Amino acid sequence: MSEEQTVSLVDVLQEDEELEEEASAVLGGSDSDHCSYPQGYVKRQALYACNTCTPKGGEPTGVCLACSYKCHEGHDLFELYTKRNFRCDCGNKKFAELKCKLFPEKDSVNNLNKYSQNFFGLYCTCSRPYPDPDDQVEDEMIQCVVCEDWLHGRHLGCVVPDSVGLLEMICESCMNKNTFLWTYAAHLAVSGTDIQVKKEMTADESKRDSPNETAKSDGDIQPSCKRSREDLGSCCRLKELPVIGQTRVQSGAVFLPSSWRSKLCTCQSCLENLSATGLSFLLDESDTVLAYENKGKTSEETRQHDPLMSALDNLNRVQQLEIIHGYNDMKSDLKDFLQTFAAGRKSRDPR
């Protein structure tokens, strides 16, 4: 007899709840009723690209959550998850016929928007769609925090560490475009990646090195200079890192802990460099996708109101208690029944 996977109703309900939480995290931080255009270049929002209105070969466009519902209902949409500093394009001159139903008074183009292959439904260094009908390999897609492209785990050039959802990844291409990031990576990248790390010491450091000396942790990147408030902007933490010791082979993607942004140097020279390379957002810890998702979950929880509790508001105290007890009894009985049902199904499983 062929093997069949046994799935209980409890499993289905749990999976639905997980999917609902994931959707709330992504969509909860965006407005589903009003076009985001009047807000300008939104710090981070859920975005979509419409393959019906602007197919491949034309100009790339992105539309906000509300416009995806109200203006592009029934269209072939690419879900882009979230993007930073983007202004809704819906109905501007890039759209041949469509007019935005929510906020039609838009500029002809949004010059500060940044586009990528994602806006045509292609991802990763392999430039394939997701899901890919021709790819039978199950693989996790991970977003680079710099270019915001999504890459297959097997195409990152390193071993993907555990708890990747709590980490930030920078792809190899972005690391090579901004080579100063390799210096931070040598001291801050999490273990588990397929990277060779070596210790380099000067002659003076070798003399000072002894069993009694307390070793510095990989994450300790405090500069050696004593800084007063007046000198805070003149001491460059980044320049001192190579002196502290560690380097790494500069290849593959880099995974960094959620706190890594707080360790970036903020001297005047580094601030100017971050601005010139378009990476000033790295100094903003609220820019992270994790921060956006937490905001979405909080907003969703605030908006949600149990319909049972709404009904209870119209009843007196005794009636409220009777209904609550009855509801809890029914909930408990249903859970016991489903668990018994699931156990019975498993006992009859031919495996």
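Structural data are supplied above this passage.
Quick look at the structure, then. Owing to the predicted nature of the structure, the values given are computational and were not obtained by experimental measurement. (Residues numbered from 1 in each chain as written. Predicted model: local features only at pLDDT ≥ 70, side-chain atom pairs only at ≥ 80, totals over all residues. Heavy atoms only, no water.)

### Quick word on the packing of aromatic side chains
This structure, assessed with the given rule, holds six aromatic pairs. Across from the ring centre of Phe281, 3.6 Å away, lies the NZ or CZ of Arg84, which sits over that ring. (Phe/Tyr/Trp six-rings, centres within 6.5 Å; stacked < 30°, edge-to-face > 60°. Lys NZ or Arg CZ within 6 Å of the ring centre and 35° of its normal.)

### Considering the environment of Lys43
Tracing the backbone through its elements, the reader meets Lys43 in strand 1 (residues 42–50). The class for Lys43 is partly exposed, based on a relative accessible area of 41%. What Lys43 contacts, discounting residues up to four positions off in sequence, is Lys83, Arg84, Asn85, Asp284 and Ser286. (Helix = DSSP H or I, 4+ residues; strand = E, 2+ residues; numbered from the N terminus. Buried < 20%, exposed > 50% of the residue type's maximum accessible area, 1.4 Å probe, protein only. Contact = heavy atoms within 4.5 Å.)

### Considerations on the packing of helix 4 (residues 180–188) against helix 6 (residues 237–244)
What describes two packed helices is the angle between their axes and the distance between those same axes. Interaxial distance between helix 4 and helix 6 falls to 10 Å at its minimum, and their mutual angle equals 55°. Here helix 4 lies oblique to helix 6, going by the angle between them. Pair helix 4 / helix 6 crosses with left-handed handedness. Here Phe180, Thr183, Tyr184 and His187 of helix 4 come into contact with helix 6, specifically with Leu238, Leu241, Pro242 and Ile244. For the contact of helix 4 with helix 6, the class distribution of residues is six nonpolar, two polar and no charged. (Axes fitted to C-alpha atoms, helices over the stretch in contact; angles between N-to-C directions. Parallel < 35°, antiparallel > 145°, perpendicular 65-115°, else oblique. Left-handed = near helix turned anticlockwise from the far one by under 90°. Nonpolar A, V, L, I, M, F, W, Y, C, P; charged D, E, K, R; others polar.)

### Quick notes on the side chain of Asp89
With respect to the helices and strands, the residue Asp89 is situated in the loop between strand 3 (77–86) and strand 4 (141–143). Despite its burial, Asp89 pairs with no opposite charge, the nearest such side chain being Lys94 at 4.6 Å. Within the structure, the side chain of Asp89 is placed 2.7 Å from the side chain of Asn110, a separation counted as a polar contact. Once you skip the residues sitting within four places of it in the chain, Asp89 turns out to touch Pro60, Thr61, Gly62, Phe95, Lys106, Asn110, Asn113 and Tyr115. (Lys, Arg positive; Asp, Glu negative; His and termini not counted. Salt bridge = Lys/Arg side-chain N within 4 Å of Asp/Glu carboxyl O. Polar contact = N/O pair within 3.5 Å; in protein donor to acceptor, adjacent residues only side chain to side chain.)

### Re the pairing of strand 1
Within strand 1, eight of the nine residues are buried, leaving the element largely enclosed by the surrounding structure. Pairing of strand 1 with strand 3, which is carried by seven bridges, proceeds in the antiparallel orientation. The partner of Ala49 across the bridge, within strand 3, is Phe78. With two bridges connecting them, strand 1 and strand 2 (residues 63–64) associate as antiparallel partners. Paired with Leu47 across the bridge in strand 2 is Cys64. (Pairing = 2+ DSSP bridges.)

### Some remarks on the nonpolar core
Residues Cys144, Leu156, Met169, Ile170, Tyr184, Leu238 and Phe255 are the most contacted members of the largest nonpolar core, which totals 38 residues. Of all elements in the fold, only strand 6 (167–170), helix 3 (172–177), helix 4, helix 6, strand 9 (254–257) and helix 7 (268–276) reach the threshold of two or more residues within this core. In terms of residue count, the dominant contributor to this core is helix 4 (six residues). Not counting residues up to four positions away in its chain, the partners in contact with Cys144 are Asp149, Leu151, Met169, Ile170, Cys171 and Cys174. Counting 14 residues, the second-largest nonpolar core is a separate cluster that includes Cys35, Tyr37, Cys67 and Leu98. (Core = buried A, V, L, I, M, F, W, Y, C linked by side-chain atoms within 4.5 Å.)

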